[in-house]
Amino acid sequence: MKHPDLTTRQGRKAWRHDMRMIAVRPRRYGLWLLTAGFLLLLTPSALDVHSLFGLWPPMLGALCMLAGAPLLAASVLLRRRYVRQRLASPALIDRIKAE
């Protein structure tokens, strides 16, 4: 992996793009599940819906939110791991070449 050059505008743009592309699916699915869970929590009071497919909407909402939170946590951990590897790689390469 090439060390990012953050002194130039193109380098910063490439770095931001690279960071946005890490763990896209877990982050996207986690946000969708959290949003759906929040909306399901609001349906009984907002729309007076007390049964959805024979199930209780707040229970479905809580399950969606419980499924979405680990996905968001996983995306954060994946991003942290990637950034650490990316920033440490030049130092590791220099250390390997010195030996």
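Everything below is about the structure printed above this text.
What counts, and where the lines are drawn
Residues numbered from 1 in each chain as written. Predicted model: local features only at pLDDT ≥ 70, side-chain atom pairs only at ≥ 80, totals over all residues. Heavy atoms only, no water. Helix = DSSP H or I, 4+ residues; strand = E, 2+ residues; numbered from the N terminus. Buried < 20%, exposed > 50% of the residue type's maximum accessible area, 1.4 Å probe, protein only. Contact = heavy atoms within 4.5 Å. Areas by Shrake-Rupley, 256 points an atom, 1.4 Å probe, with all protein chains shown as cover. Patch = residues over 30% accessible without salt bridge, like charges linked within 9 Å, V, L, I, M, F, W, Y side chains within 5 Å. Salt bridge = Lys/Arg side-chain N within 4 Å of Asp/Glu carboxyl O. Lys, Arg positive; Asp, Glu negative; His and termini not counted. Charge placed at Lys NZ, Arg CZ, Asp CG, Glu CD.

Asker: Would you explain the overall build of the protein in this entry?
Answerer: Along the protein, the regular secondary structure elements total three helices and zero strands. Listing every helix and strand of the protein by position from the N terminus yields α-α-α. For the protein, the residues scored as buried account for 22% of the 99 residues in total. Counting contacts in the protein only where the partners sit at least 6 residues apart, residues at least 24 apart contribute 66% of the total. Roughly 7,600 Å² of accessible area belongs to the protein as shown, and the carbon and sulfur atoms make up 67% of that amount.

Asker: How should I be thinking about a positive patch on the surface in this particular structure?
Answerer: Residues Arg9, Arg12, Lys13, Arg16 and Arg20 make up a contiguous surface patch of positive charge. Tracing the backbone shows arginine 16 in helix 1 (residues 9–20).

Asker: Which parts of the structure should I look at to understand the environment of phenylalanine 38?
Answerer: Inspection of the secondary structure puts phenylalanine 38 in helix 2 (residues 24–47). By relative accessible area, which is 46% here, phenylalanine 38 ends up partly exposed. Taking C-alpha positions, phenylalanine 38 is 8.7 Å from proline 58, a pair spaced 20 residues apart along the chain.

Asker: Can you walk me through unusual backbone geometry in this structure?
Answerer: Leaving glycine out, the prevailing phi sign among residues is negative, and the prevailing peptide bond configuration is trans. With a phi close to 55 degrees, alanine 23 is a non-glycine residue in the positive phi region. Looking at the secondary structure, you find alanine 23 in the loop between helix 1 and helix 2.

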